[in-house]
Amino acid sequence: MMTGEGAEEIVEKLGTSHDLIHEHQELAETFMKVLYGLGIFSILGLVANMRKHTKATVISYVIFTLAIASAVLSKSVGTSGGEIRHTEIR
C-alpha cells in the first residue's frame, strides 16, 4: 500500500488499463482490512486464552477463518498485481 501510488503513476504512463489498477487497489484495501481484523482478534484471543475466558474457543475459530481469508486475499492481490504488468497471464 505504501508504494502503490508511485507504481500506479508509472504503470499508467505505460498505457495500462485503469480498471485493472482499480481492481488491484480494491483487493489490496480489502486485504488490509482483513489483516487488521486478524491482528485485533489475535490479540483478543491471546488475552482470552491467558485469562481462560469461555469465549476463547470462539475467538480461535474467528482467527482461523480470518487467517484463511487473508491467505486467499493475498493470492488474489498478488495475482491482480501481476496481471497489470504481465499481460501474458491475463
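You'll find the structure just up there.
Residues numbered from 1 in each chain as written. Predicted model: local features only at pLDDT ≥ 70, side-chain atom pairs only at ≥ 80, totals over all residues. Heavy atoms only, no water.

Thoughts on the overall build of the chain
Move 1: The secondary structure content of the chain amounts to three helices and zero strands.
Move 2: The order of helices and strands in the chain, counted from the N terminus, is α-α-α.
Move 3: Based on the C-alpha atoms only, the size of the chain along its principal axes is roughly 55 × 25 × 15 Å.
Move 4: Counting only residues that meet the buried cut, the chain has 24% of its 90 residues in that class.
Move 5: Here the analysis covers contacts within the chain between residues at least 6 apart in sequence; of these, 61% occur between residues at least 24 apart.
Move 6: Surface exposure of the chain reaches about 6,600 Å², of which carbon and sulfur atoms provide 64%.
Move 7: Across the chain, 8 positive and 10 negative side-chain charges occur, with their mean positions spaced 16 Å apart. (Helix = DSSP H or I, 4+ residues; strand = E, 2+ residues; numbered from the N terminus. Buried < 20%, exposed > 50% of the residue type's maximum accessible area, 1.4 Å probe, protein only. Contact = heavy atoms within 4.5 Å. Areas by Shrake-Rupley, 256 points an atom, 1.4 Å probe, with all protein chains shown as cover. Lys, Arg positive; Asp, Glu negative; His and termini not counted. Charge placed at Lys NZ, Arg CZ, Asp CG, Glu CD.)

Brief notes about the side chain of S80
Move 1: Structurally, the position occupied by S80 is in helix α3 (residues 56-85).
Move 2: A polar atom in the side chain of S80 sits 3.0 Å from the backbone oxygen of V77. (Polar contact = N/O pair within 3.5 Å; in protein donor to acceptor, adjacent residues only side chain to side chain.)

Quick look at helix α2 (residues 18-50)
Residues spaced three or four apart along an α-helix face the same direction, because each turn holds 3.6 residues.
Move 1: For α2, which comprises 33 residues, the first-to-last C-alpha distance of 48 Å matches the rise-based estimate of 48 Å (1.5 Å per residue) to within 8%.
Move 2: Against the buried residues of α2 lie α1 (4-13) and α3.
Move 3: Immediately beyond the C-terminal end of α2, within one or two residues, lies K52, with a positive phi of roughly 55°. (Expected span 1.5 Å × (residues − 1).)

A closer look at the packing of α1 against α2
Move 1: Running from N to C, α1 and α2 cross one another at 165°; their axes reach a closest spacing of 11 Å. In this view, α1 runs roughly antiparallel relative to α2, as classed from their interaxial angle. Here α1 and α2 pass one another in a crossing that is right-handed. When α1 is examined against α2, the residues E5, E8, V11 and E12 are found in contact with a partner set consisting of H18, I21 and Q25.
Move 2: Of the residues assigned to the contact of α1 with α2, the class counts are two nonpolar, two polar and three charged. (Axes fitted to C-alpha atoms, helices over the stretch in contact; angles between N-to-C directions. Parallel < 35°, antiparallel > 145°, perpendicular 65-115°, else oblique. Left-handed = near helix turned anticlockwise from the far one by under 90°. Nonpolar A, V, L, I, M, F, W, Y, C, P; charged D, E, K, R; others polar.)

Focus on the environment of G37
Move 1: With respect to the helices, strands and loops of the structure, G37 is situated in helix α2.
Move 2: Between the C-alpha atoms of G37 and A67, which are 30 residues apart in sequence, the distance is 9.7 Å.

Notes on a nonpolar patch on the surface
Move 1: Taken together, the side chains of I40, F41 and L44 present a nonpolar region at the surface, about 260 Å² in accessible area.
Move 2: Residue position: I40 is located in helix α2. (Patch = residues over 30% accessible without salt bridge, like charges linked within 9 Å, V, L, I, M, F, W, Y side chains within 5 Å. Salt bridge = Lys/Arg side-chain N within 4 Å of Asp/Glu carboxyl O.)

Concerning the nonpolar core
Move 1: Among the nonpolar cores identified, the biggest contains eleven residues, and these are A28, F31, V34, L38, A48, A56, I59, I63, L66, L73 and V77.
Move 2: In terms of residue count, α3 provides more of this core than any other element does, six residues in total.
Move 3: Each residue touching A48, except ones within four places of it in the same chain, is listed here: H53, A56 and I59. (Core = buried A, V, L, I, M, F, W, Y, C linked by side-chain atoms within 4.5 Å.)

Notes on unusual backbone geometry
Move 1: For K52, which is not glycine, the phi dihedral falls at a positive 55°.
Move 2: Note on placement: K52 falls in the loop between α2 and α3.

By themselves, these are just geometric observations and shouldn't be taken as functional.
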